[in-house]
Amino acid sequence: MNVHDSERLSGLLESAGYVPVGPGAEADVVVFNTCAVRENADNRLYGNLGQLVPVKKSHPGMQIAVGGCLAQKDRSTILDRAPWVDVVFGTHNLHRLPVLLERARHNAAAQLEIAEALEVFPSSLPTRRASHHAAWVSISVGCDNTCTFCIVPSLRGRERDRRPGDVLAEVEALVAEGALEITLLGQNVNSYGRSLGDPGAFARLLAACGRVEGLERVRFTSPHPRDFTDDVIDAMAATSNVCHQLHMPLQSGSDAVLRRMRRSYRQERYLGIIDRVRAAMPDAAITTDIIVGFPGETEADFADTLDVVRQARFSGAFTFQYSPRPGTPAATMDGQIDRATVAERYARLVALQDDISWEQNRELVGRRVELLVAEGEGRKDDATGRMTGRARDGRLVHFHAGAGGDGGAGGRPRPGDVVETVVTRGAPHHLTADGPLLSHRRTRAGDAWEHARRAADAGPEQRPAVALGMPSLRPPEPAAEAGPVVALSTPR
């Protein structure tokens, strides 16, 4: 959701006349779009802001803006702790950023503007996508759940659904631009349609995506087990371009902990959904989120989580050590667990899940896979001479990047192209395919990438996209939890 919002912010700024900074150039504007899910996000943001102080002093007129969930939460605290920040805006008023930057410049004073309710649906704003072949499509914003550990509903507001026709119109427009894959986004996609009086809308939306000509892959995130219904499983299985991939947060395998988390499902229901998904789609890759060390979690509770992980056999899991968030019920619960115990349990969970993921990936050796070639997902690609793509089930595959085989395309695959190859090695978090390509299909997405690359080579004024990541204006230090960053120069 943060990346989606950052693409909208980038589109807004470019529409206002800003341009991305070229390699090695100094940015006039740096925008932090923040996350607030974990405490570490706060620390990273303020650390990054501190490191920008000398940069700003040496660059008169430079502006720094902070937006997103942490800005919605901290508000004036950001200006108290970092008075060199020029603009603070929240989750509900992304569209105001260009105006706030101009006002801060004109008034020579910091601007703080936090809206209490969504003013403009983000999907109606201009966008500058980071990928030519894959796109995020928001079907709803906000969340009506009341999980005791989660700060998101208070920062994103109550759920608001887009009309299916508006969603499909955006999907069709993206495909017309060359996108081959879309991911439907919502804090809880399974509750989509409830605010429209149509609780079965999500399954029908998946089926409708299957009728969009030229759309090859459809994904969605994230569903909630409470609202996961069999019609969604049927739509996944029956719709040819819906990927057999499911990311469904578990959070805990203990019924007692789930009750304290206010997650309205239990272990039996969760595993039942997994069983039905696998019965309909035996090849489905299922991933999850798990929190370790929630207040009151006993060793028996944690053993229940390990047991569910063994039964569910996830292909991967995002695992987190519980982080108290001020303003959530869990932050003041009795039974807060010491960090050493949490870390020890976390290590055991990660080791178990790595073993399961590795075993599953080794079973895929020798299997033919179709990959949508990605850009920037393989950190070692330059050193190994490989490229990286995503299989239909979402797995990351590093592959030998020689010329195509019977696809007849010739030449090196481009990001956005589609290749087929055979898996030669399975590791816990990725697959490797070092044999020759079996096919290579050039696509409109690859054409768009190639065109953008040529435009970028023509000079900064022609650069087609804004990098979503830390700008190169200080020594690099990962800051993913602070949220995506955009760096731009002043309006033309």
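This text gives an overview of the structure that appears in the document. (Residues numbered from 1 in each chain as written. Predicted model: local features only at pLDDT ≥ 70, side-chain atom pairs only at ≥ 80, totals over all residues. Heavy atoms only, no water.)

Brief notes about the overall build of the protein
Cut-off, in case you're wondering: In DSSP terms, a helix is any run of H or I states spanning at least four residues, a strand is any run of E spanning at least two, and both are numbered starting from the N terminus. Radius of gyration: over C-alpha atoms. The globule rule applied is 2.2 Å multiplied by the number of residues raised to the 0.38 power. Partly exposed describes any residue whose relative accessible area lies between the buried limit of under 20% and the exposed limit of over 50%, with all areas from a 1.4 Å probe on protein chains only and scaled to the type maximum. In what follows, residue pairs with any heavy atoms lying within 4.5 Å of each other are defined as contacts.
Within the protein, the regular secondary structure consists of 16 helices and 21 strands. What you see for the protein is a C-alpha radius of gyration of 23 Å, in line with the 23 Å of a compact globule of 492 residues. With 492 residues in all, the protein has 54% of them scored as buried. The long-range share in the protein, meaning contacts at least 24 apart out of those at least 6 apart in sequence, stands at 74%.

Examining the packing of aromatic side chains
Note the cut-off: Any Phe, Tyr or Trp ring, taking Trp's six-membered ring, that has another such ring centre within 6.5 Å forms a pair; planes under 30 degrees apart are called stacked, those over 60 apart edge-to-face, and the others tilted. Distance and angle both matter: a charge sits over a ring if NZ of Lys or CZ of Arg is within 6 Å of the ring centre and within 35 degrees of the ring normal.
For the coordinates displayed, the defined rule picks out five aromatic pairs. On the basis of an interplanar angle of 35° and a centroid distance of 6.2 Å, the ring pair of Y265 and Y270 is categorised as tilted. Owing to a relative accessible area of 2%, Y265 belongs among the buried residues under this scheme. Where Y270 meets F314, the ring centres are 6.3 Å apart and the plane angle is 70°; that geometry is what we call edge-to-face. Of this pair, Y270 sits in helix α12 (residues 267–280) while F314 sits in the loop between α13 (299–312) and β13 (316–321), and the two are 44 residues apart along the sequence. Taken together, F149, F294 and Y322 form an aromatic cluster joined through their ring pairs. Positioned over the ring face of Y46 is R81, at 3.7 Å from the centre of the ring.

Some words on helix α6 (residues 97–107)
What counts here: Picture the helix axis, draw a direction to every C-beta atom, and the arc is the one those directions span.
Considered for burial, the residues of α6 that qualify are L97, P98, L100, L101 and A104. For α6, the angular spread of the buried residues around the axis is 165°, confining them to a single face. Those residues of α6 that are buried are in contact with α1 (2–15), β2 (29–34), β3 (63–68), β4 (87–89) and β5 (111–113). Two residues or fewer after α6 comes A108, characterised by a positive phi angle close to 55°.

A look at the side chain of D289
Operational definition: Positive charges come from Lys and Arg alone, negative charges from Asp and Glu alone, with His and the N- and C-terminal ends not counted. The salt bridge criterion pairs a side-chain nitrogen of Lys or Arg with a carboxyl oxygen of Asp or Glu, the two atoms within 4 Å. As used in this structure description, the phrase polar contact means that two N or O atoms lie within 3.5 Å; if the pair is within protein, one of them must be able to donate a hydrogen and the other to accept it, and residues adjacent in sequence are counted only when both atoms belong to side chains.
In this structure, D289 sits in strand β12 (residues 285–292). Although buried, D289 forms no salt bridge, and the nearest oppositely charged side chain, R263, lies 7.3 Å from it. Separated by 3.0 Å, the side chains of D289 and H247 make a polar contact.

Observations concerning the sheet that holds strand β6 (residues 134–138)
Either a parallel or an antiparallel arrangement is found when strands of a sheet pair, and the pairing is made through backbone hydrogen bonds. Heads up, the rule is: Between any two strands, at least two bridges found by DSSP are needed for them to pair. Axis angles are defined between N-to-C directions and span 0 to 180 degrees, where every axis is a line fitted to C-alpha atoms and, for a helix, only to the segment in contact.
One open sheet holds the three strands; their spatial order is β6-β9-β10, and the pairing between them is parallel. Only two strands of the sheet have a single partner each, and these edge strands are β6 and β10 (217–221). For this sheet the average axis-to-axis angle between neighbouring strands, irrespective of direction, equals 25°. Relative to strand β9 (residues 181–185), β6 is paired through five bridges, and the arrangement is parallel. Bridging from a neighbouring strand, V137 pairs with L184 of β9. Its contacts with the sheet put helix α8 (residues 164–176) on β6 and β9, and the angle it makes with β6 is roughly 165°.

Examining the pattern of salt bridges
Counted under the stated rule, the structure contains 35 salt bridges. Two residues, D5 and R156, come together in a salt bridge whose shortest N-O distance is 2.8 Å. Separated by 151 residues along the polypeptide, D5 in helix α1 and R156 in helix α7 (residues 152–156) bring together distant segments of the chain. Among the residues examined, R156 registers a relative accessible area of 11% and is labelled buried. Between D447 and R414 there is a salt bridge, with its nearest N and O atoms 2.9 Å apart. Within this pair, whereas D447 is found in helix α16 (residues 444–457), its partner R414 is found in the loop between β16 (396–400) and β17 (418–422), the two being separated by 33 residues in sequence. For D447, a relative accessible area of 42% translates into the label partly exposed. You can call R414 buried: its relative accessible area is 5%.

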